[in-house]
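Here is what each chain is made of, one letter per residue.
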There are 6 protein chains.
Amino acid sequence: MKAQRESFFATETEFDNANTVIFGAPFDSTTSFRPGARFASKVMRSESFGLETYSPYLDADLTDAKFFDAGDLELTFGDTNMALDDIRKFVAEILAADKIPFMIGGEHLVTLPAVKAAFEKYADLRLIHFDAHTDLRDDYLGAKLSHATVIKRCHDILGDDKIAQFGIRSGEREEFAFGKARTNLHPFNFEGLESILEKFKNYPLYFTIDLDVLDPSVFPGTGTPEAGGVTFIELLNAAMKVIEKADIVALDIVELSPHYDISGASTAVALKILREMLLELFVKEQNK
Amino acid sequence: MKAQRESFFATETEFDNANTVIFGAPFDSTTSFRPGARFASKVMRSESFGLETYSPYLDADLTDAKFFDAGDLELTFGDTNMALDDIRKFVAEILAADKIPFMIGGEHLVTLPAVKAAFEKYADLRLIHFDAHTDLRDDYLGAKLSHATVIKRCHDILGDDKIAQFGIRSGEREEFAFGKARTNLHPFNFEGLESILEKFKNYPLYFTIDLDVLDPSVFPGTGTPEAGGVTFIELLNAAMKVIEKADIVALDIVELSPHYDISGASTAVALKILREMLLELFVKEQNK
Amino acid sequence: MKAQRESFFATETEFDNANTVIFGAPFDSTTSFRPGARFASKVMRSESFGLETYSPYLDADLTDAKFFDAGDLELTFGDTNMALDDIRKFVAEILAADKIPFMIGGEHLVTLPAVKAAFEKYADLRLIHFDAHTDLRDDYLGAKLSHATVIKRCHDILGDDKIAQFGIRSGEREEFAFGKARTNLHPFNFEGLESILEKFKNYPLYFTIDLDVLDPSVFPGTGTPEAGGVTFIELLNAAMKVIEKADIVALDIVELSPHYDISGASTAVALKILREMLLELFVKEQNK
Amino acid sequence: MKAQRESFFATETEFDNANTVIFGAPFDSTTSFRPGARFASKVMRSESFGLETYSPYLDADLTDAKFFDAGDLELTFGDTNMALDDIRKFVAEILAADKIPFMIGGEHLVTLPAVKAAFEKYADLRLIHFDAHTDLRDDYLGAKLSHATVIKRCHDILGDDKIAQFGIRSGEREEFAFGKARTNLHPFNFEGLESILEKFKNYPLYFTIDLDVLDPSVFPGTGTPEAGGVTFIELLNAAMKVIEKADIVALDIVELSPHYDISGASTAVALKILREMLLELFVKEQNK
Amino acid sequence: MKAQRESFFATETEFDNANTVIFGAPFDSTTSFRPGARFASKVMRSESFGLETYSPYLDADLTDAKFFDAGDLELTFGDTNMALDDIRKFVAEILAADKIPFMIGGEHLVTLPAVKAAFEKYADLRLIHFDAHTDLRDDYLGAKLSHATVIKRCHDILGDDKIAQFGIRSGEREEFAFGKARTNLHPFNFEGLESILEKFKNYPLYFTIDLDVLDPSVFPGTGTPEAGGVTFIELLNAAMKVIEKADIVALDIVELSPHYDISGASTAVALKILREMLLELFVKEQNK
Amino acid sequence: MKAQRESFFATETEFDNANTVIFGAPFDSTTSFRPGARFASKVMRSESFGLETYSPYLDADLTDAKFFDAGDLELTFGDTNMALDDIRKFVAEILAADKIPFMIGGEHLVTLPAVKAAFEKYADLRLIHFDAHTDLRDDYLGAKLSHATVIKRCHDILGDDKIAQFGIRSGEREEFAFGKARTNLHPFNFEGLESILEKFKNYPLYFTIDLDVLDPSVFPGTGTPEAGGVTFIELLNAAMKVIEKADIVALDIVELSPHYDISGASTAVALKILREMLLELFVKEQNK
């Protein structure tokens, strides 16, 4: 008798056969306002049972796609360095096997070690960042490692003009100034995405989506809801464009905090975005 | 002393004076994912006290309309056939009195016995179906009678080309294929509704609205929220068009699961749709 | 050692240095349907910690604006006259110091004593009212003082043609008739706002926003959600226009009922509207 | 076709055949802290479907008892005097028909008009009061009519030594002093109940239970939970004793605020207490 | 790379090495009142991460015990016979391997097929039943298979005097009569347990615990909370006694409905009971 | 005009006049399971408005007691050392002014820096610890600073036999062994408290209460509910005894996670414990 266990979309693909590797990074220790993103990967995996594997948008089916669900990392709360290093090593291991890591946060700080791992392999790495917030503070109440500083820390690694930000509608005055000068910050929506994709097209790309880029009406289940965001279709189209045009080497979606939306609609939105991204990666892989 | 009791919109119309008969079908026994639609009619009746009876959209008032609230059926959980048969008989009784049954689900499977009853009276019955899901599976984990198979079962009764589906954005690949071939499946929105209304105009019509056709931002209170749905105004306009143009003989709205939206907004949306539908039925009746 | 205490957006401005005075009016005693607006000012103050003080819309920062947070009034529940009189006196005190009172409700009835105080100072006062509901009943179950009668009571004071209403989509037939005849009632949205602002431009203005003018998808946290409302951006733009063009002497936002939206998104929306209004008042003051 | 409607425990007894008349008084307008008791009678009626009519404690069945469910009064929020007067008249009407009114609150202030009506019929009325709170303030923030003053107001009517209080564990110093001097205040539990019953035995009795006398572990669904209360069995035994020994002419249970306990356990406790009280009244009636 | 997956208490024991086999039976299709027991096994497995494996009560540790977590069955909603038969076959398979099946419900009806499977192997099977409810109806709204009839159906199989019931405090008059005559019904608590254990001691025993035998203060997370139940320690001691004294061949715990208790306390109670039962089974096995 | 601000029990005492200083330590960054203790002090302060200042247990009133509410510390999430050091300095500052710090957690780790500060002043410090959990791990997933290691870290400072633990019912086998050998661990309840108080009576004492020592029925609002705990009255009596007999130099109550108990009962329990402790400190101070 074999144990029945949950996996994302009930995938049974083994690591060796997979092109993409999903895993959860249940960490939200630096979240200053409202914690809970730690529960995202667990709840998403569990609820993925309720979503069809077929997409009428792409006319493709997850039962054909080759992705491995590695489960969730066990991360130390209260020791940020230790937790981030565990993520970095895990992402590096997936990259070393020439597969695409697809991380499910957790708070946004989990992106930092994943970017670090990708940068270790790809020195000319670019970063596309969808978010409501700039995440460009240099420190938050004295802490250099925080969900509010993560893109600033990525900029420390990647340098000027290697990052592009979209949908941004919240931050300090100084962050917006920094962003305009050095990280291709595009406020409020996805205007300018195509020219960035053109500019980044010959470089390996890390793609991070903070789901709070969505309007809170669509996605209330997040720690810091910010009115004035994009619609589901706008995000879906933009994400599809990025995957279609760019040379993705790693990606993540972060900041679902499922318990703040007991209707389950936020989790369902996150899962649909995930499904379409997995399918678009699969379609692209097939068309190679 | 007379007992004070709740009724939909505080109607006091008797059965004999009514053109339309509302009743609840509190059944959700085949719901595989998240149950709760059984509570819809009770909560809607109770909350209908908070909604004005006057519509500024139609400049009409429910205090003028003649509808009877029959209350809720008492249905057996765990014996699907028995429950469905109780619904069928009740709908038949209303139809026999030449009144329009307006059923409040419950999960979507409750539509099947109502369609059956309508088909027994009207052999050339047509069906218009608004939903996020095709509901065209042939069985669900072996069960032929399921919320996921209900339109397939209706097709068993009505046959090819008698059904039209709108707003559909979720299903298996095979369901979409079946729908395109045999049930006038229109994905995502209400495009094509007018030509279907033209095509069906000389036939008696059953009209069923699975409220999850709405975007989850508008209607999170449902068992299986599906991102990418229609707006309240889109649904309202489409429903008004169907009632105005078609020869409605029976109708229902299903799949409100009120406890998943503690704000009450989903229930309020369902009630406003119900009010406008009742008023449009009334306006049409008056204009005869 | 000094006690640390919460204030709106952590303001430390003293009363004497402020142009605007925020205070809470935690009263919802006449709410017939679902109470809870009493908690709005307390929850908003507490959550304001999570919102940036900088606005990328206006490129302005609350740390520059001069507003005083007076805290919450302690109002008597169960004795409506006593509670309203306490509000009236408090608003009068602020007006007497030539500052702008910015009241955070509470239910909509709190607007009445504030309008009364403003009218005592400004005999030619005008009123602009954003709301889903007409609030034009003459009494509610026999009570003259009710959230459902508040604009009718304001009309008793101000008279015909001194009030303009926008976004209205719910009320009795008689209320709509009254509104059309005597209060410049504009249904559903903000069409006609510019001509009203032109008409009212030389008069002192009281500006009241019942936040349920927003669609429930954006703002579910309110006592009586009404489908078919305006978007966040529509409300924001309309409010900015009013503040920019009119001679505001007092204002309020009412009817957030925070516990009905556990995601916190409704509170976040209310706070963003509040921030932008404070900033626009500040920008205008600076440009004088 | 007859409309199906909910009644308490599905009773179909008519007023004329009933000994006891249940009705709801959905009023909580003076509740200063956390409102919601207005929802109690509606939720209890609805959930009473889930409770067996048979009591293994008393070996008696509600299907045998003769009680009428009059429904809920429609009370004016925001005008306390009007609401209380409507209750008083309704209770007087039941008493005039020589039946026992059994009121379901609402906040505790609803007891005042019911006591008034009973006192109008029975000049030598006594009052037994179970509660966590003394309710003996003379005013609350200036209001004489409040949930916090209700027993003081009853004392105004009945006078010294006509009231007995049990389970009391919260109040101001002055209230405890007053209670000890003039209302037979028994703190914390039911010690002394038997001697009070002996003392009151030849007088008509009004019996009021504020359910927050229960420990919050048993009954969290109330506006002001007070640790250190009695158990379910202690309350049940005490209530049974009162009904058995005293000459009950009217009674009530108040202060269930069902939405604060989403488990439904508080409502279930209230219903079981209600069932046992109705049955004990019935058993006593039969033994006459 | 190996996938990380959740199991009960993180067990990694394989089937072949296990004495006991845990599995979930996520079925609640006949629940008439409030569904949700279907979520119990999933939530318990997930939350078991938060409970220590060591018991200070028994001074024993789950890391030593040999139990296999088979995962959850995938059961058909809406076709009760099919679902029950899948359970029966699965239990039979475990029994055939000479292991003890430990089923996590689900509603109480899942006990029926498990008892059937055990009876097929052990013709002299006895049943001990802890519950708030008799579950002795012969049918429920016409359905023979229901959570309210399950022990009656077990009696159909096992016959008179083979069943003993404890903690019972709710049911119809006829059920209590039947129970007293034919199923050793012990009301309210565990009095008489020792003499039943003496009587049943030479027979194979099925042990079923409906967790609503607990008082709702301890265990609010259940479909039908019944005031007046036993404490955690009383249940723990009684369950330990049964396992210690009886010859257990199969067992279950049912009717946790985790979403009705958002504090998680009910799930934690269920897990602690489960841990202690597993450990006592282990201790007994070791002492053989 | 002066700003109205919330303080614990509306105290207006200044620091210089106070004997006791309450402050919040909103930190829960190492909580591995379910976060939320960060919200405790804010919610308790806000809800303290609903609790009477008078205690019928002690016949004493908080309006007489001299305590200062310093507000909440602003602590860095994600950098544990920085946060703990901020607490240590703040406690040292209060101790330096010869006042008693009364800290409101936060998770249990906040006790460590407070003990450190007290130990710096009192080299012969003793510690009494009420808790469900031993908190004696040496590390938690590699982290030395964790809510699960806090008493082990205190032992590092204070040494053998300086700590006494009560109510403990959860931990690893090794923790119980360590506790029995070196920290006077008393399992399950308060047996042995009197002899410990006798033993510690001539030493300065730090008193820490993890509120999860209470049974979850009484106190579900905590991160890790553990069945089998003590009652409210048991905890109250034990705490009163400690304050009465010991030479308290600092104290705390921790691990209320208010959002897990939406009834508010857990917060109310915590507040009542706090009130009684403040009053007992006051009574003792007066009797000096």
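All of these numbers come straight from a predicted model, not from anything done at the bench.

Points about the side chain of C:Asp135
Residues and elements named next belong to chain C. Note on placement: Asp 135 falls in the loop between strand E6 (126-130) and helix H4 (150-158). Salt bridges are absent for the buried Asp 135, whose nearest opposite-charge side chain, Arg 137, sits at 7.9 Å. Apart from residues lying up to four places away in sequence, Asp 135 is in contact with His 108, His 129, His 147, Ala 148, Thr 149, Val 150, Ile 151, Lys 152 and Glu 175.

Considerations on the relation of the copies chain E and chain B
Relating the two copies of this chain is a rotation about some axis coupled with a shift parallel to it. At an RMSD of 0.0 Å, chain E and chain B line up after a rotation of 180 degrees and a shift of 0.0 Å along the axis. Between the two chains, the operation in question is that of a two-fold axis. Closest to the rotation axis within chain E is the C-alpha of E:Ser29, separated from it by 2.5 Å.

Description of a nonpolar patch on the surface
A cluster of nonpolar side chains, A:Ile262, B:Ile262 and C:Ile262, forms an exposed patch at the surface whose accessible area comes to about 230 Å². Tracing the backbone through its elements, the reader meets A:Ile262 in the loop between strand E10 (247-254) and helix H8 (265-287). Residue classification places A:Ile262 among the partly exposed residues on the basis of a relative accessible area of 39%.

What about the relation of the copies chain C and chain D?
Note on the copies: chain C fits chain D at an RMSD of 0.0 Å, the axial shift is 0.0 Å, and the rotation between them is 180 degrees. Residue by residue, 100% of the interface of chain C is reproduced at the interface of chain D, so both copies engage with the same surface.

Looking at the pattern of salt bridges
Going through the model one piece at a time under the given rule, you end up with 150 salt bridges over all chains. Here C:Arg153 makes a salt bridge to C:Asp156, at a shortest N to O gap of 2.7 Å. Placement of both C:Arg153 and C:Asp156 in helix H4 is noted, with a separation of three residues, approximately one turn of the helix. A relative accessible area of 47% means that C:Asp156 is categorised as partly exposed. Residue F:Arg153 pairs with F:Asp138 through a salt bridge whose shortest N-O separation is 2.8 Å. On the criterion of sequence distance, the pair formed by F:Arg153 in helix H4 (residues 150-158) and F:Asp138 in the loop between strand E6 (126-130) and H4 is long-range, its members being 15 residues apart. According to the relative accessible area criterion, F:Arg153 is buried, its value standing at 9%. Exposure remark for F:Asp138: the relative accessible area of 32% places this residue in the partly exposed category. Among the charged side chains, a salt-bridge network with shared partners connects A:Asp138, A:Lys144, A:Lys152, A:Arg153 and A:Asp156.

About the cut-offs
- Residues numbered from 1 in each chain as written.
- Chains lettered and ligands numbered in written order.
- Predicted model: local features only at pLDDT ≥ 70, side-chain atom pairs only at ≥ 80, totals over all residues.
- Heavy atoms only, no water.
- Helix = DSSP H or I, 4+ residues; strand = E, 2+ residues; numbered from the N terminus.
- Buried < 20%, exposed > 50% of the residue type's maximum accessible area, 1.4 Å probe, protein only.
- Lys, Arg positive; Asp, Glu negative; His and termini not counted.
- Salt bridge = Lys/Arg side-chain N within 4 Å of Asp/Glu carboxyl O.
- Contact = heavy atoms within 4.5 Å.
- Least-squares fit on C-alpha atoms with pLDDT ≥ 70 in both.
- Patch = residues over 30% accessible without salt bridge, like charges linked within 9 Å, V, L, I, M, F, W, Y side chains within 5 Å.
- Areas by Shrake-Rupley, 256 points an atom, 1.4 Å probe, with all protein chains shown as cover.

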